[in-house]
Amino acid sequence: MPHTEADIRVMLDKIGVEKIDDLYADVPQEVIFRQDYDIPSAMSEIELRRHFEALGAKNRELTVFAGGGVYDHYSPSTVAHLLGRSEFYTAYTPYQPEISQGTLTYIFEYQSIISELTGMEATNASMYDGATATAEAMFMMVASARKKNRVLLSGTLHDHVIRVVETYAKFHGVEVTVVPEKDGVSDFEAVCAEMEKGDVAGVIVPTPNKYGIVEDFTGWADAIHAAKGYLAINADPSALAVLRTPAEWGADVACGDGQTLGMPMSFGGPYLGFISCGKGMLRKMPGRVVGATKDADGKRAFVLTLQAREQHIRREKATSNICSNQSLMALYATIYVALMGKEGMVELNRLACDGAHYLYNRLVESGKFEAAFPGKPFLKEFVVKTSMDVKALNERLLKEGIMGGLDLGNGMIEFAVTEKRTKEEIDQLITLMLA
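Below is a short write-up of the structure. Just so it is clear, the model here is predicted, and its values are computed rather than measured. (Residues numbered from 1 in each chain as written. Predicted model: local features only at pLDDT ≥ 70, side-chain atom pairs only at ≥ 80, totals over all residues. Heavy atoms only, no water.)

**Focus on the packing of aromatic side chains**
- Under the counting rule described, the total for this entry stands at 12 aromatic pairs.
- Considering the side-chain rings of Y211 and F373, the 4.7 Å spacing of their centres and the 40 degrees angle between planes classify their relative orientation as tilted. Here Y211 is found in the loop between β7 (200-207) and α9 (220-226), whereas its partner F373 is found in the loop between β13 (369-371) and β14 (381-386), with 162 residues between them in sequence. Neither residue differs from the other here; Y211 and F373 are each classed as buried.
- Of note, K380 hangs over the ring of Y71, and the distance from its end group to the ring centre comes to 4.4 Å.
- Here R421 stacks its cationic end above the ring of F65, 5.9 Å away from the centre of that ring. (Phe/Tyr/Trp six-rings, centres within 6.5 Å; stacked < 30°, edge-to-face > 60°. Helix = DSSP H or I, 4+ residues; strand = E, 2+ residues; numbered from the N terminus. Buried < 20%, exposed > 50% of the residue type's maximum accessible area, 1.4 Å probe, protein only. Lys NZ or Arg CZ within 6 Å of the ring centre and 35° of its normal.)

Okay, structure coming up:
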């Protein structure tokens, strides 16, 4: 569009081509589109605004009771306003620390927040999403274990996480074994049996798991470490405000998706993957680590302490080449947690827990639903069983503007309740389901 006919002529002459179409001489004639493009004519600003408003009106705002790894959490409006400042959304990797103190500062704060939530000593900045972060945690354990090339995945990890880890493992020569679940939780005996074979570098388990169950990992770290393996826990960082941390379970690595830190669902992203670890595995961790120091005048300053990426060191020595520092989303998480505060993080979990248990009890008491995993503790997500047609049930809810639970098959349906769901919304869901 910006080129004049004279500009185009000069360029064509330079490369020795008569006309632009000659550049496509190798394209088969039968695949060339020769009709008019279905592109709307030019619009004025007000016409364009009306056009997009009409398109936007086609979207339906649903009341969400689905989870499965992505949750409808509340985010203070302040987050979006601060995130929209140009100095933030145009900032990228701080290659020059002396002129990137603002970016380095909030990355340092982000690392501090995630480290406090996980209880681990160090956090990177950062990964694309929770699934790829889990795959990188796998590589960290294999690199640290040496001579051991097999990793165990709990069958209670979210299915999409397992698939991504398996894909990464396949093309890196790592062997992955998915250990079957037992009564909705990770099978400790099965894991111990696999560890006895002597070739397992590490084990990855979730909290909460794909059914919303908060698993008990008492004794896991001791058993895995005794077999000279490592333990990684894929965790919901929001839930860690009230649950036992990966460090308290004795984990060597914590990983997961930061979407629960107020990030909108947005049809699947962008999200934020995090990895935390102890100092012993720090140099195996991908990404960057920002540290605090003092400048020549004794003032507090921030620097890139560790940069295990191919841009900074020899490619063959790099631990990863994918984590182009999801800096904007790390900032999102930082602002969100800072605004919520410790009390706010606890309160949102209390509201979600109260709502989820209220819905669970009402459904089970109705006689039309029963507990899928009786006695198993959960926070904001749970699974029930029913003889009703789950697909038809969800279609009925959708007509009323409600996104129902996830259909897990065999009459099992999974519901998630966040702090955004009111008692009136929950009661409406119950009324419609029991009608």
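**Quick notes on the packing of helix α10 (residues 327-365) against helix α12 (residues 423-434)**
- Two numbers describe how α10 lies on α12: the axes approach to 11 Å, and their chain directions differ by 20 degrees. As far as their axial angle goes, α12 and α10 are roughly parallel. With respect to the hand of their crossing, α10 and α12 are arranged in right-handed fashion. Contact with α10, carried on its side by G355, Y358, L359, R362 and L363, involves K423, I426, D427, L429, I430 and M433 of α12 and no other residues of that element. (Axes fitted to C-alpha atoms, helices over the stretch in contact; angles between N-to-C directions. Parallel < 35°, antiparallel > 145°, perpendicular 65-115°, else oblique. Left-handed = near helix turned anticlockwise from the far one by under 90°. Contact = heavy atoms within 4.5 Å.)

**Side note on the nonpolar core**
- Ranked by size, the top nonpolar core spans 48 residues in total, and within it Y110, V203, L231, I233 and Y336 carry the most contacts.
- When contributions to this core are tallied by element, the ones reaching two or more residues are α3 (77-83), α5 (101-118), α8 (188-195), β7, α9, β8 (230-235), β12 (300-307) and α10.
- Top element by residues in this core is α10. It accounts for 11 residues.
- Grouped together as the second largest cluster of nonpolar side chains are 31 residues, M127, V142, L157 and I275 included. (Core = buried A, V, L, I, M, F, W, Y, C linked by side-chain atoms within 4.5 Å.)

**What about the pattern of salt bridges?**
- Counting across every chain of the model gives 18 salt bridges.
- The residue E194 makes a salt bridge to R150 at a minimum N-O spacing of 2.8 Å. Placement of the pair is E194 in helix α8 and R150 in strand β3 (residues 150-154), with a sequence separation of 44 residues. No difference in accessibility class separates E194 from R150, as the two residues are buried.
- Between E425 and R421 there is a salt bridge, with the nearest N and O atoms lying 2.9 Å from each other.
- Connected through salt bridges with shared partners, the residues D72, K420, R421 and E425 form a single ionic network. (Salt bridge = Lys/Arg side-chain N within 4 Å of Asp/Glu carboxyl O.)

**What about the sheet that holds β14?**
- If you walk across this open sheet you meet the four strands as β13-β14-β17-β16, and the pairing is antiparallel. At either end of the open sheet lies a strand with only one pairing partner, and these are β13 and β16 (406-409). In this sheet, adjacent strand axes meet at a mean angle of 35 degrees when their direction is disregarded.
- As paired elements, β16 and strand β17 (residues 412-416) share three bridges and run antiparallel to each other. Its bridge partner lying in β17, D407 is registered against I413.
- Strand contacts of α10: β13, β14 and β17, with the helix running at about 10 degrees to β14, the strand carrying the most contacts. (Pairing = 2+ DSSP bridges.)

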